[in-house]
Amino acid sequence: MVHERSSGPRLSPSSYEEDIRAVLAPRLAYFEAVARHEHVTRAAQELGVPQSTLSRAMVRLEADLGIALFARKGRTVSLTPAGRTFLGSAERALGEVEKAADSVRADADPAAGRVSFGFLHTMGSETVPALIRAFRADHPRVRFQLVQNYGEAMIERLRAGGLDLCLTSPVPDDPDLVTRRLDEQRLRLVVPDDHRLASRRRVRLAEAADETFVTLEPGYGLRRITDDLCAQAGFTPRVAFEGEEAETLRGLVAAGLGVALLPPPAVARPGVVELTVTAPRAAREIGVAWLDGHPDTPPVAAFKRFLLSRRGNLLPD
């Protein structure tokens, strides 16, 4: 079948791919209304635009495509075969736009919207569930997309628009972020229960200078804190194993494969002893971060206010 081609200027081949979406997108709703009514005036009344504006838009659309979409008889029109093919795709595209609009409106709903919330692995078993439970006491229908990751990966996801806010440590000071310190968590030196230090309650970190350490991988905030604390104690830790989960590291310590600097566990782990570090002061600050200048939806704003209200009382006792 040979399609009838309209006369007039068209997009040049070199510009077609980059410009076609900008050309078509604003006119799809106009085209769909004219095709549905098969009458320009009635379509213009439905859309709330002048009939002349709608007529010119359809002429330009056909000129840009280089194909006649309508057969015209006065103000009455009927679709050509090419127009009917184009209508099917236009209706699907407009349907997807409508679904996307419904989705973002639902996410922004004050009562039942969505919060994309990131947090450290070490906060996933106890801290975050308790926070969400407390928040939902007053906001029972708010939905959460929860993301567990290490600090640097969460900040990158925040910048990419995949998170609304995140709990992280150390608290970043990047100029494109807004951060608030919420709490502090003491770190402990975890040793096997048959270790030479296991009978102690407190220890200076320098006393572990000759030990083998198990740590999180480079890039994790807790690894950076471990390296910094060991440097303050006058040594570089000799690392035998690197992992991604604090509880995995505890298991390695229990197996006698090294010692570790870790936050307190949610549940006591057999086979290890956890010692208070007296020098240097072993603690990590935990804070919330979000992108500067980005407007919040109502549910995100409510959850942010809730987190800030927990300053000094973020972590379980």
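Before reading on, note that the structure itself is shown above.
All figures in this text were calculated on a predicted structure; none of them were measured in a lab.

**Side note on the nonpolar core**
In step 1: In terms of nonpolar packing, the biggest core is built from 34 residues, with Phe117, Leu165, Leu167, Phe303, Leu307 and Leu314 touching the most fellow members.
In step 2: Mapped onto this core, the elements with two or more residues apiece are strand 3 (114–119), helix 6 (127–136), strand 4 (143–148), helix 7 (151–159), strand 5 (165–168), strand 6 (177–186), strand 13 (283–291) and helix 10 (298–309).
In step 3: By size, the runner-up hydrophobic cluster in this structure holds 29 residues, among which are Val203, Leu205, Leu222 and Val277.

**As for the sheet that holds strand 12 (residues 272–279)**
In step 1: The strand order across the open sheet formed by four strands is 8-12-7-11, and the pairing between neighbours is mixed. Each end of this open sheet is capped by a strand with a single partner; those strands are strand 8 (202–204) and strand 11 (260–262). Ignoring strand direction, the axes of neighbouring strands in this sheet form an average angle of 45 degrees.

**A short note on the side chain of Ser116**
In step 1: Along the chain, Ser116 turns up in strand 3.
In step 2: In this structure the side chain of Ser116 is engaged in a polar contact, spanning 2.8 Å, whose partner is the side chain of Gln145.
In step 3: When near neighbours in sequence (up to four residues on either side) are disregarded, Ser116 contacts Gln145, Gly162, Leu163, Asp164 and Leu165.

**Some thoughts on the sheet that holds strand 5**
In step 1: Taken in spatial order, the five strands make up an open sheet running 4-3-5-13-6, and their pairing is mixed. Edge strands, defined here as strands with exactly one partner in the open sheet, are strand 4 and strand 6. Taken pair by pair, the neighbouring strands of this sheet meet at an average axis angle of 20 degrees, ignoring direction.
In step 2: The pairing of strand 3 with strand 4 spans six bridges and is parallel. In the sheet register, Phe119 faces strand 4, and the bridge partner there is Gln148.
In step 3: The strands touched by helix 6 within the sheet are strand 3, strand 4 and strand 5, with strand 4 carrying the most contacts at an inclination of about 165 degrees.
In step 4: Taken strand by strand, helix 10 contacts strand 3, strand 4, strand 5, strand 6 and strand 13, and its axis lies near 40 degrees from that of strand 3.

Thresholds applied
- Residues numbered from 1 in each chain as written.
- Predicted model: local features only at pLDDT ≥ 70, side-chain atom pairs only at ≥ 80, totals over all residues.
- Heavy atoms only, no water.
- Core = buried A, V, L, I, M, F, W, Y, C linked by side-chain atoms within 4.5 Å.
- Buried < 20%, exposed > 50% of the residue type's maximum accessible area, 1.4 Å probe, protein only.
- Helix = DSSP H or I, 4+ residues; strand = E, 2+ residues; numbered from the N terminus.
- Pairing = 2+ DSSP bridges.
- Axes fitted to C-alpha atoms, helices over the stretch in contact; angles between N-to-C directions.
- Polar contact = N/O pair within 3.5 Å; in protein donor to acceptor, adjacent residues only side chain to side chain.
- Contact = heavy atoms within 4.5 Å.

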